Amino acid sequence: MKERQEVLRAMARKALAASSAPQTEVWAEASADSWVRFAAGTVSTSGSVERTSLRVTVAFGTRTGTSRTEDVSADGIARAVRQAADLAKILPASPEYTPPVPAQRYPRSVSAWDAATASSAAGQRAAVAGSVLEVARQAGLVGSGFHQVSEHATAFVSSAGASGVHRSTSAQLECTLRTEDGMQSGWAGAYAPRAAALDATARAKRAADKATRWKEPSALPPGRYTAILEPAAVEPLAGYLLGSLDRRSADEGRSPFSAPDGKTRIGETLFSETLSLSCDPADKDIPGSPFAEDGLAARKFVAVEKGVLAALPVSRHWAREKKLQPSAESGNWVLSFSGADEKGVDGLIASTERGILVTRIWYVRMLSPQNLTVTGLTRDATFLVENGVITRPIKNFRINQSLLEMFKNIEGASAPAPFPAGDGWRGIPALKVKDLMFSSLSDAV
Amino acid sequence: MLRPVRRRDLLKIAGAGTLIAATPRRAHSIPGRLREVADAAMAAARAGGASYADIRFVRTRAERLGTRDGHLTSASMSESFGAGVRVLVKGTWGFAGTQDVTVAGAKAAASTAAEIARANGRLRKVPVSLAPVTPVKDTWQTPASKDPFRVPLSRKLEILFDVDERARAGSAPIAAVRGWLHSISEEKLFVSSEGAQIDQTLVRVNPGYSVTVAANGDFESRNHAIAPMGHGFEYVEAAHLADDAARVADEAHQKLLAPPVEPGDKDLVLLPSHLWLTIHESIGHSTELDRAFGYEANFAGTSFATFPQTGTLRYAGDHVNFYGDRTTPGALATCGWDDDGVPTERWDIVKNGVLVDWQTTREQASWIGAAKGHGCSYADSWASVPFQRMPNVSLAAGTLPTTVEELVGGVQDGVLIEGTGSYSIDQQRLNFQFGGDMAWEIKAGKKGRPVRHAAYQSTSTSFWNALDALGGPATWELGGSMYDGKGEPMQVNPVSHGCPASRFRRVRVLDSRGSS
C-alpha cells in the first residue's frame, strides 16, 4: 500500500494535470488526530478525525486565485481547479504575486515520523489518561488534562517542476492536577514526535507535586524579580518575539527592528550574547519541515547569533522587491543559549539566590509593538526561590514586560525541548531572566 | 467619532422588505442520500452499544479577500464538508469525524466513536445524563437579503480599494492600508437517534480595515470599528466603510503624535466597540458552567464564580443586567437550535447585579438539577465535538435615554476609549488588563486630546461594581469576534456582545508602554 504522502502527491498531480493555467501550485495535506480529554477526575470528550484537503493556486500572469477543498474526489479536484482559475480570471492583478517555485532539492526530514505513534489505538490513549487520573487519585487531587496523537502528511507540486512530500507525527500530554476545593493547582506537559516518549506517570507526578506544594500562597509585592521561566512560560513569550521577525515591516518602519531613514537594526547586538535563534530543517531534536514559503526548499536560517540580530526572514515577494534572497526558513525555530544548564530547571533553581519560579504564563498579548512589550499572567503554581531552593508558594502575578529587554537579561537557560507550533515544532528552553517586571498580583489559581 | 452600524440600523436591515434566503431554503425532509447515511450511522451506533447518537453533516464555505495599499494580496475560496458522529455508550461519549459521507463511511465513523466510548468507559466517574428535549424536524437560516457569495468580487474589491484611496487623501504619513472582507456560510443538518432533524444555514460577514502610519522611527495603527455580524452583504454595504477612511487615517496620525496617557485612578467612558470585549472576557467566560465545574481547568481555565454562589454573588450594582441570548438579530451566535438540538432562547445571567444563572447545555443541565439546558452547545465544524460555547452575552441598556455626551459630561478626570486593543485576563477571569484602539482624555466633562498607550487594570467584580451609569438604548450596539478559542482540540466560536456606552468610576489606568 502506498504511504499516505505518496497518495497525496498523486492527488496533487491530478490537480496539476487538470489545470490549464500557465502557473499552478498544489498543496495536498492529510491529518489524523485522535485524542482523549479528561477533567474533574473523569473522562469528558474524546474522538478521532481524519481529514484530507487540497489547496490549488493558479495564476494568469499576476492575476491569481486560490481554492481549498476537502472534496478530493476526481470531481472535487476538478472543481477546485476550476474555481481557482475562475477567481484568477476575474480578479485584478496582484503585484505581490510570485510565480511557482521551480524544481527543488528538498532536505531529508529527520526523525519527524514514528510508525507506532501513527497507529495509536483508543485503548492506548485511555491508558495514558488513566495513568494521570490514578496519580491524581493517589495524591488526593482532581485530575484534568488532554492527550492527543497526530499524524500529518503533505505533498507539494508546482507547474514549474517542484515536487516534494513530508510526513510527521506528534504526541502531547498535558495535565492539571488540582485540590478538590480548587485552591491549589499544578501543571506539567510533555510533547514529542513519538508517543512513547511521553511518560504519563512522571508528568502527572510533577503536576501533583506542584499542586501539593502550592498551598496557601503568600503575596510578594509587585516589582522586578529574577524569574525562572519553565518552557511553558517561555513559549508564549518567544512566540511574540518570533512573530515580530520580518524584514519587510522592519524596512517599512513598522517594527521594533526598524531604524530611522528606512534602515534596519540588522547587525546590532540587541539580545544577550548567549542567545542564538535559528531554524534548520536537518535538526535532529526539533524536527523541521523540508518546505519553506511557497514550496521553496527549506534551509538553515540564523536570525540571532550570539545576541546580534543577524538577519530577518524575507518573503519571496519582498526578496524580489529589495533584491535579496528569500530566507526559506523551515519554521522549527530553536532558542539556544551557550552554556545551557545540563540540569535543566533544577540547575537554574540551584543557581538562584532569590527569584520567582514560573510554571506557566497565560493569555499573553501585545501591549506595544514598538518595543515588544507584552502582558500575561502566571498560573498553575508559582514559587519563591531563595538560596538555590524553593522556599514557599507565592500568589500569581501579571507580568508587563518588554521582550527586547527580557531577551537581553538572560542569566541562564536549559537545553531547548520540543514544543508544538502549528503542525511543527519549536525548541524552547527554560530561562533565567533578571529584572522581569511582575506588575500586579492576581488572585487566580 | 466612528460611525459604526447601530442597533437601529441593524433592525432596519433585518426588517427590510422581503428577505431572500442566503442560500436556497431546503425542505423539512433531508435528501434521500443523507437520510440513508444518517440511518446507517444510527444503526451502527446502536450496534456498538450506544444509547444515544447524533450525526451532523456540515458544509462550511468561506471566501477571504485581502488588500493592501490599493492592490489585492489574497483571494481564496474554501469549502469543507463532512460528518461528525457522536455516541453515548454506557454514559461515556465517543466521537468520530469523516469526510467519507457515504453509508460505509458513516458506519465506520459510528463504530470508531463507539469503540472510543467503550475504551474510555472505565475512566468515567458519573454517567452522562441528557436533559429531555422535544425532537423537532425544522429549519432555520440567518435572515439575509444579499447572499455574500453571490455578490460579484468586483463589488467587494471596489469597496476595499475605495477605502484605500480615501485613506490616502489626507496628510497622514501612511505606511500601510490593509483591508479584508470575509464571508462565511455554515450549513448543517443535525439528526439524532431521538428523531430530531434540524437543517440550519448560518451566514456571517467580517469586513474591516486598518491604517498604519509611520514617522520618525515610530508607528501606530488605527482600525475601523465595524463588527463581524450574522448578516448578508447588505450589512457591508450599509456600513459605508470608505466614508470613514480619511478620519481613520487622520486618527492614526493623531494617535502617533499623542502624548502617553497619564497613569492613575480615573473614570472611564467605554464605547460599545470597546466594552463588548470586556464583557466577553469577564462576564461571558466567568459564567460558563463547564469552567465553574473544572472542565476547562487544563486549558481555557476555571471561573472565580462558583455554582453555590448562584443567587448571591454580586457582579455589579442593581441597575446592571446581563443576559444570554442566541436569538438576537444579527448576532454571531444566533441560530434556531444548538448542536444538541435544543431550541435557542434568551435568559438572565446577572439580574439586578446578582449572578442568577449560567450558560448550559443538555448535559450540563443535569449537573445543576435544571430541567433543561439553555442551548449553548456548538461545534465549529463536522470534525469537532459539540460542547458548551458562549452564546451572545449582552449588557442591557439603561432605562433612561442617556447619551455618550452626558456620560462624558459627568467626568472630571477620565479617559474615553473606543475599539479594542490589547486584552488579557487570568484563567479564572478575575484580574484583567484591557487597552483600546483609540483613547481620549476627558477633562472637566469634555472630550479632550487623544492619548496613547492607555490601558486599564482591574478585577471583574470590582470593575463592574464601579459601573455607575449606563447609556440609553440609542447607544446600544453589538460587537463581536469570529474566533473565541476554547476546548482541546481548540475550537473557535463566533460570538457577539451587545452593550450601551457605559461609565465607570475610579479604575486604575496605566501607560502600557511604560509599564515594563
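Our subject is the structure that appears above.
To start, this report covers the structure provided alongside it. What you are looking at is a predicted structure, and each value in this text was computed from that prediction instead of being measured. (Residues numbered from 1 in each chain as written. Chains lettered and ligands numbered in written order. Predicted model: local features only at pLDDT ≥ 70, side-chain atom pairs only at ≥ 80, totals over all residues. Heavy atoms only, no water.)

Within chain B one finds 11 helices and 22 strands. For 516 residues, the compact-globule estimate of 2.2 N^0.38 gives 24 Å, and the C-alpha radius of gyration of chain B, at 24 Å, lies within 12% of that figure. With respect to the principal axes defined by its C-alpha atoms, chain B has extents near 70 × 55 × 45 Å. Across the 516 residues in chain B, those meeting the buried criterion constitute 65%. Taking the contacts inside chain B whose residues are at least 6 apart along the sequence as the reference set, 77% of them involve residues at least 24 apart. (Helix = DSSP H or I, 4+ residues; strand = E, 2+ residues; numbered from the N terminus. Rg over C-alpha atoms; globule rule 2.2 N^0.38 Å. Buried < 20%, exposed > 50% of the residue type's maximum accessible area, 1.4 Å probe, protein only. Contact = heavy atoms within 4.5 Å.)

All names here are of chain B. With 16 residues, helix H2 (residues 32-47) ought to run about 22 Å at 1.5 Å a step, and its terminal C-alpha atoms sit 22 Å apart, in line with that. Contacts made by the buried residues of H2 are with strand E1 (50-68), strand E2 (71-89), helix H3 (103-120) and strand E5 (174-192). Phi for Gly 49, located one or two positions after H2, is positive at around 100°. (Expected span 1.5 Å × (residues − 1).)

A word on the packing of helix H4 (residues 122-139) of chain A against H3 of chain B. Look at H4 of chain A against H3 of chain B: their axes get within 9 Å of each other, and the N-to-C directions meet at 35°. At the point where H4 of chain A passes H3 of chain B, the crossing takes the right-handed sense. Residue-level contacts link Ala 122, Gly 123, Arg 125 and Ala 126 of chain A of H4 of chain A to Glu 115, Ile 116, Ala 119 and Asn 120 of chain B of H3 of chain B. Taken together, the residues of the contact of H4 of chain A with H3 of chain B sort by class into four nonpolar, two polar and two charged. (Axes fitted to C-alpha atoms, helices over the stretch in contact; angles between N-to-C directions. Left-handed = near helix turned anticlockwise from the far one by under 90°. Nonpolar A, V, L, I, M, F, W, Y, C, P; charged D, E, K, R; others polar.)

In this section: the interface of chain A and chain B. Between chain A and chain B, the residue contacts involve 83 residues of the former and 78 residues of the latter. Summing both sides of the interface, chain A and chain B together bury roughly 6500 Å²; the carbon and sulfur share of this comes to 52%. Counting across the chain A and chain B interface gives three salt bridges. Our enumeration of links across chain A and chain B arrives at 40 residue pairs in polar contact (both at pLDDT 80 or more). It is strand E2 (residues 42-60) of chain A that contributes the most residues to the side of chain A that touches chain B, 11 residues altogether. Looking at the side of chain A that touches chain B, its residues break down into 29 nonpolar, 34 polar and 20 charged. In this sheet, E2 of chain B lies alongside strand E3 (residues 63-69) of chain A in parallel orientation, the contact comprising four bridges. (Buried area = accessible area lost by both parts, 1.4 Å probe. Salt bridge = Lys/Arg side-chain N within 4 Å of Asp/Glu carboxyl O. Polar contact = N/O pair within 3.5 Å; in protein donor to acceptor, adjacent residues only side chain to side chain. Pairing = 2+ DSSP bridges.)

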